[in-house]
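So the chains spell out like this:
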Amino acid sequence: MSRRVTSRWELTGTLVAQAPLHIGGLDVGPAQLVQARDGADRPLLPGTTLAGVIRSALQAEGVPDYQLWGLPPDRDGAGGEASWVRVDDAPAIDEPQVELRDHVSIDRVHGVAAKGHLFSREVLPAGTRFAFRMVVDAPESIDADEAEQLVHAIAARLRGPGISVGAAVTRGLGLVRLADAELQESMLATRAGMIAALRSGGKPADLPDADPDEVPAGVLRVVVPWRPHGPLAVQVSSDGDVVSAFPLTGRDGAGGHRLELPGSSIKGVLRSHAERITRTVTGAEVREKFLAQMRADGLGPVAALFGTAAARDSGDRDLPAGRRGALQVATCVSATALPAAQWDAVRLLQQRLSETADHSGQDRGEDGVEGGTGGDDPAPPKVSDQRAALSRLQLAVDDLNEAVDGIRFTIAHHVAVDRWTGGAADALLFATVEAHTTGPDAWQPIILDLAVDQLDQDPTTAGPGADDDRRAALALLLLVLRDLCDGWLGFGHGTTRGAGGVRVDPEAVTFRAGHRTGWFHALGNRSLADVLADEELTASLTTAWLTATTGGAA
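Owing to the predicted nature of the structure, the values given are computational and were not obtained by experimental measurement. (Residues numbered from 1 in each chain as written. Predicted model: local features only at pLDDT ≥ 70, side-chain atom pairs only at ≥ 80, totals over all residues. Heavy atoms only, no water.)

Caption draft 1: Structural context of the nonpolar core. One finds W226, F409, L450 and F511 to be the most contacted residues of the largest nonpolar core, which totals 74 residues. With ten residues, helix 9 (residues 466-485) is the single largest residue contributor to this core. Ignoring anything within four residues of it in the chain, the contact list for F409 reads P247, L259, L338, W343, V397, L400, N401, V433, E434 and A435. Among the nonpolar cores identified, the runner-up in size contains 46 residues, and V63, L68, A153 and L183 belong to it. (Core = buried A, V, L, I, M, F, W, Y, C linked by side-chain atoms within 4.5 Å. Buried < 20%, exposed > 50% of the residue type's maximum accessible area, 1.4 Å probe, protein only. Helix = DSSP H or I, 4+ residues; strand = E, 2+ residues; numbered from the N terminus. Contact = heavy atoms within 4.5 Å.)

Caption draft 2: Structural detail: the sheet that holds strand 19 (residues 327-329). Judged by pairing direction, the sheet is antiparallel, and its four strands sit side by side in the order 19-23-11-25 without closing on themselves. Each end of this open sheet is capped by a strand with a single partner; those strands are strand 19 and strand 25 (510-513). The sheet shows a mean angle of 20° between the axes of neighbouring strands, direction not considered. Pairing geometry for strand 11 (residues 219-224) and strand 25, over four bridges, is antiparallel. Of the residues in strand 25, the one forming a bridge with L220 is A513. Sheet strands touched by helix 4 (residues 263-282): strand 19 and strand 23 (446-451). Its angle to strand 19, the strand with the most contacts, is close to 135°. (Pairing = 2+ DSSP bridges. Axes fitted to C-alpha atoms, helices over the stretch in contact; angles between N-to-C directions.)

Caption draft 3: Spotlight on the packing of aromatic side chains. Summed over all chains, the structure comprises five aromatic pairs. Geometrically, the ring pair formed by F246 and W343 is edge-to-face, given 6.3 Å between the ring centres and 90° between the ring planes. With F246 in strand 14 (residues 245-247) and W343 in helix 7 (residues 340-355), the pair connects residues that are 97 residues apart, well separated along the chain. For the pair F246 and W343, one class covers both residues: buried. Relative to F409, the ring of W343 lies with its centre 5.7 Å away and its plane at 45°, an arrangement referred to as tilted. Taken together, the residues W343 in helix 7 and F409 in strand 21 (residues 407-417) connect sequence positions 66 residues apart. What makes F409 buried here is its relative accessible area of 1%. Taken together, the ring pairs connect W226, W443 and F491 into an aromatic cluster. One residue, R347, lies across the ring of F246, its end atom 4.3 Å from the ring centre. Over the ring of W519 we find R471, and its NZ or CZ is 4.1 Å from the ring centre. (Phe/Tyr/Trp six-rings, centres within 6.5 Å; stacked < 30°, edge-to-face > 60°. Lys NZ or Arg CZ within 6 Å of the ring centre and 35° of its normal.)

Caption draft 4: Examining the pairing of strand 5 (residues 99-106) more closely. The side-chain alternation of strand 5 yields one buried face, formed by E99, R101, H103 and S105, and one unburied face, formed by L100, D102, V104 and I106. Relative to strand 6 (residues 113-123), strand 5 is paired through seven bridges, and the arrangement is antiparallel. Across the sheet, the residue bridging to H103 is F119, located in strand 6. Two successive antiparallel strands, strand 5 and strand 6, enclose a turn made up of six residues, where G111 displays a positive phi of approximately 75°.

Caption draft 5: Inspection of the sheet that holds strand 20 (residues 332-333) at higher detail. In space, the three strands of this open sheet follow the order 15-16-20, with antiparallel pairing throughout. Each edge of the sheet is formed by a strand with only one pairing partner; in this case those strands are strand 15 (249-251) and strand 20. Note: strand 15 against strand 16 (residues 257-261), three bridges, orientation antiparallel. In the sheet register, G250 faces strand 16, and the bridge partner there is R258.

Caption draft 6: Focus on a nonpolar patch on the surface. Together, V104, I106 and L118 line one region of the surface with nonpolar side chains, adding up to about 270 Å² of accessible area. Mapped onto the elements of the fold, V104 is located in strand 5. (Patch = residues over 30% accessible without salt bridge, like charges linked within 9 Å, V, L, I, M, F, W, Y side chains within 5 Å. Areas by Shrake-Rupley, 256 points an atom, 1.4 Å probe, with all protein chains shown as cover. Salt bridge = Lys/Arg side-chain N within 4 Å of Asp/Glu carboxyl O.)

Caption draft 7: Main features of unusual backbone geometry. Here D41, not a glycine, exhibits a phi torsion of approximately 65°, which is positive. Position of D41 relative to the elements: it lies in the loop between strand 1 (5-17) and strand 2 (44-45). D41 sits in the exposed class, given a relative accessible area of 51%.

Take a look at the structure:
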């Protein structure tokens, strides 16, 4: 069947990943969650994903849901209309290097990794580029102005705030933004317009203004400048005995690397503290099973902010389904870039040293036998070889420090103490590479986006109205931010052993409100200190908080 089209707009450009990104695929790979690829083995963003996310983002912006997106069939299967908006699959450009990330969930009872919840995910690094193409047709039955308005709204969103696609978008993955955009317009109702379209693809059209720093509609953004006051990093294990772990880094799209604090790590810390606060007030106990813990039963504001898991351990269909939380936490990276040559030299040297030494620190000869002597008996351990390997690695770290401003790397040596003898435990001496901040602005701010329209009633309880739910959730978020400023929270590895502590000034924490945020707009351009000192505001939030957690009892 052919459909009569009067005009056509074609938007093309390059979608650039602003953060690591994962689109799930079905192929078997080195991770449990592999990256989707096309038939040419290129990572891609499926057109179905892009179209759905763009449409949802425009609905949040208040853009009318034009008939151009198509119409569903009636209940009897009759009628319906295909979409007039076509979004192509967006394959990756330049064969990006896929990174492998390990993830773990934290058991709320024991504070350690939850059993059975260690998994790995393939991600594409920030800076990955995708070829984007979208075509919007205007049929005879629809005013051409509607199609033009829709194209301009899509272009403004893609070139401005961008969209988040794929998995774990509330945990810092998936933000993409359109660069090098071009818009072509073709008038197909006339012979001249059809010939022009066939010859040149249409005439260039003006693109709407776009601001990459614009806060999306319906979002309250919290900007948290911060600074570590000691070593801070999410550690990545390394093979070999020279150094056992390195700080997590990600590519920045400009040929360098940056230290990375994943949004999942930040959000996990915030959620754990929010649960601690709410359980203290309500007296709700933590379930033994991890999935039951993640249901957030009876923790209305926690479920609204951070989401809740589905009740999978029961066949009762009346139990609530899972839901996504309203709080989105961006992945935070260092403002200081690590030169690729120096950083790769450190990592590659560690790999080479680990390949030439066994687990007791002995060198292997060309025949693969310890000490290179051959025979049945291994050579005695060579401590001097291990020290020489560490010395070579230290020289590479020194070269890295010479090339980086604001961050200093050290090789930290650790040993476990034997509880019986009081001396160093056997075979438990190890070393890690630590990152120390030496400049005031070495890290970019933490960005929290709160989708206020999603702060509806907690589905696990019969709570108050939607507006009171929003106020109770905001009250909980302010409590968590206050405790962050007071030094109660830390990020990354070793927070119980002197690492991961941060300094946050409540005067520097600011709120930015997008349009369509209702009474949340009153927080716009105010600091956390100013908001906490506003007695009228905090009184209404306190009332909603007490109603949601204790039924109104003080």
